[in-house]
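# Tertiary structure, described
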Amino acid sequence: MRVVITDRNLLPLRDELEALVPRDELVWLPGDLLDALKTAEVLVGPAFTQEMADAAPDLRLVQVAGAGTDRVQATGVPVANTYHHEDSIAEYIVWALIALRRELPQADAALRQNRWRSPVYDAALPQPQTLSSAKVGFLGFGHIGRAAWRVLQAFGAQAQAITASGKAPAGNLNWAGDTTQLPRLLEDSNALVVSAPLTEATRGIIGAGELSKLGADGVLVNVARGPLVQEQALYDALRSHTIRGAALDVWYSYPADGDQARPAEAPFGDLDNVLLTPHLSGITQQTFRGRIHDIAANLTALAEGNELRNLVRL
C-alpha cells in the first residue's frame, strides 16, 4: 500500500513509524505532491484540497496527523484524525495562565532594563494571585479542555465550560452549557481558554463585546485556531487593557514556505501583555509518538479491511 506523508512533524519519528508498518511503501515529503498522489492509497498530512483529490484516483484514506481537519477541503474520501496532544497543551495552558496572571512577561522585560517590577519595590503594583483564585471558562471542552481541567483542579481553580452540545463529560465543573451561554461564561470567568474547533459557527465567536465581558482582570489563552477570536478586537482589547493579557499560540496567517511570515496584521508584538508562540503548544515527542501509533493502526486496518479509528464526518 502506497502512503504519501506530507506532515513534517512526523519526520523525527520516521524510523519508528516505518518499523510499525513494514509492508507499506512510505513516500516522505514528495517534491511533486500531485505526481506522488497519482498512485497513492493514503495521504498522511494536514491538508487535502480538491486539486489533490482530483490527482489521486486510488486514494482510500486521508489521515490527518492531528486533531484539526479545517484544512481538509475535499470530501468523498474517508478522513481520520488523531489526538495525543492534550497533555502537552495542558502544560502550556497552565504555564500561560500563571505567567499572564502574575504578569511575568512584563517583569522579565523590566528586569532586562534593570528595573525590579515587583510589589516589593513598587507599592503601586498589586500582589498577584495564585491559580487557586482562577475561575476558568472553557470555550470548548474536548480532549484539550478536559486535560487542562484535570491539572488546574490540583491548583484549586474553579471552572465552567460551554460546548456545541451543552454537555461536558467531566465532573467538578461549576456548570456547563451551550454557546447561547457564552455571555454568562465570560462574566463568571477571569480566564478564558479557547479550545473549540474552528467551524462556521465558531469563527469570530469572541469579539469586542465578549472581551469586554471578560474584563480588566481577565486573561485569554487561545490554543484552538486564531480566527475564533476576532483579530482587531483582540488587539484593541490588549492595547487598551480591556483585558489583562493573552497567550496566543494560534494565528491568522502562517508561513507558506520556510519559517518567515507575519502571524497577524495587527502588531501584537508591540504589546507587553501578550505571550506569542508559533503554534508549538502540542509539539512534543510524546504527542507525535502517540500519533504515529494511531496512524500505523489505521494503515494496518485499511490493509486488512478492518474498521478505522477516529473517522471524522466533514
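Everything below is about the structure shown above.
Each chain carries its own residue numbering, running from 1 in the written order of its sequence. Local features are withheld for residues below a pLDDT of 70 in this predicted model, meaning they are given only at 70 or higher, and side-chain atom pairs are given and counted only at 80 or more; totals for whole chains, interfaces and linings count all residues. With hydrogens and water stripped out, all remaining heavy atoms of the structure feed into the side-chain values.

## So, the overall build of the chain
Heads up, the condition is: Working definition: helices are DSSP H or I runs of at least four residues, strands are E runs of at least two. Numbering for both runs from the N terminus. Radius of gyration: C-alpha atoms only; globule rule: 2.2 Å multiplied by the number of residues to the exponent 0.38. Each residue gets one of three labels from its accessible area relative to the maximum for its type: buried under 20%, exposed over 50%, partly exposed in between, using a 1.4 Å probe on protein chains only. Here a residue-residue contact requires only that any non-hydrogen atoms of the pair lie within 4.5 Å. Using a 1.4 Å probe, the Shrake-Rupley method yields the accessible areas, and only the shown protein chains count as cover for residues. Under the counting rule used here, the positive set is Lys and Arg, the negative set is Asp and Glu, and His together with the chain ends is not counted. Taken as the charge centre is NZ of Lys, CZ of Arg, CG of Asp or CD of Glu, depending on the residue.
Helix and strand counts for the chain come out as 10 helices and 13 strands. The C-alpha atoms of the chain give a radius of gyration of 21 Å, which matches the 20 Å a tight globule of 314 residues would have. Across its three principal directions, the C-alpha atoms of the chain cover 70 × 45 × 30 Å. For the chain, the residues scored as buried account for 47% of the 314 residues in total. Relative to all contacts within the chain whose residues are 6 or more apart in sequence, the contacts with residues 24 or more apart total 63%. Within the structure as shown, the chain displays about 15,600 Å² of accessible surface, and the carbon and sulfur contribution to it stands at 48%. Placing the 27 positive and 36 negative side-chain charges of the chain at their respective mean positions leaves the two points 5 Å apart.

## What to know about the sheet that holds strand E12 (residues 274-276)
To be explicit about the condition: Whether two strands pair depends on DSSP finding at least two bridges between them.
Taken in spatial order, the seven strands make up an open sheet running E8-E7-E6-E9-E10-E11-E12, and their pairing is parallel. Each edge of the sheet is formed by a strand with only one pairing partner; in this case those strands are strand E8 (176-177) and E12. Where strand E7 (residues 158-162) meets E8, two bridges bridge the pair, whose relative direction is parallel. Residue pairing in the sheet places Ile162 in a bridge with Gly177 of E8.

## Considering helix H6 (residues 143-154)
Of the positions making up H6, those classed as buried are Ile144, Gly145, Ala147, Ala148, Trp149 and Leu152. In this structure, the buried residues of H6 make contact with helix H4 (86-101), strand E6 (135-139) and E7. Looking one or two residues past H6, Gly156 carries a phi angle of roughly 90 degrees, positive in sign.

## Focus on the pairing of strand E10 (residues 219-222)
Quick note on the threshold: We call a crossover right-handed when, viewed with both strands directed away from the observer, the connection leading from the first strand over the helix to the second proceeds clockwise.
Going residue by residue along E10, you find Val219 and Val221 tucked away on one face and Leu220 and Asn222 tucked away on the opposite face as well. Where strand E9 (residues 191-194) and E10 come together, four bridges link them in parallel fashion. Each residue of the ladder has a partner; that of Val193, found in E10, is Val221. Handedness of the β-α-β unit built from E9, helix H8 (residues 208-214) and E10 comes out right-handed. Two strands pair when backbone bridges link them, and E10 and strand E11 (residues 245-248) are joined in this way by four bridges, in the parallel orientation. Along E11, the bridge assignment pairs Asn222 with Leu248. Handedness of the crossover is the feature at issue here: the chain leaves E10, passes through helix H9 (residues 231-239), returns alongside E11, and the resulting connection is right-handed.

## Side note on the nonpolar core
Let me state the cut-off plainly: By nonpolar core we mean a set of buried residues, namely Ala, Val, Leu, Ile, Met, Phe, Trp, Tyr and Cys, connected to one another through side-chain atoms within 4.5 Å.
Residues Leu192, Ile206, Leu220, Leu234 and Phe268 are the most contacted members of the largest nonpolar core, which totals 32 residues. Those elements giving two or more residues to this core turn out to be helix H7 (182-187), E9, H8, H9 and E11. Here the element with the most residues in this core is H9; it accounts for five residues. Beyond its immediate chain neighbours, meaning those up to four positions away, Leu234 contacts Leu211, Val229, Ile243, Ala246, Leu248, Tyr252 and Phe268. If you look at the next biggest cluster of nonpolar residues, it comprises 30 residues, including Val94, Ile144, Trp149 and Leu152.

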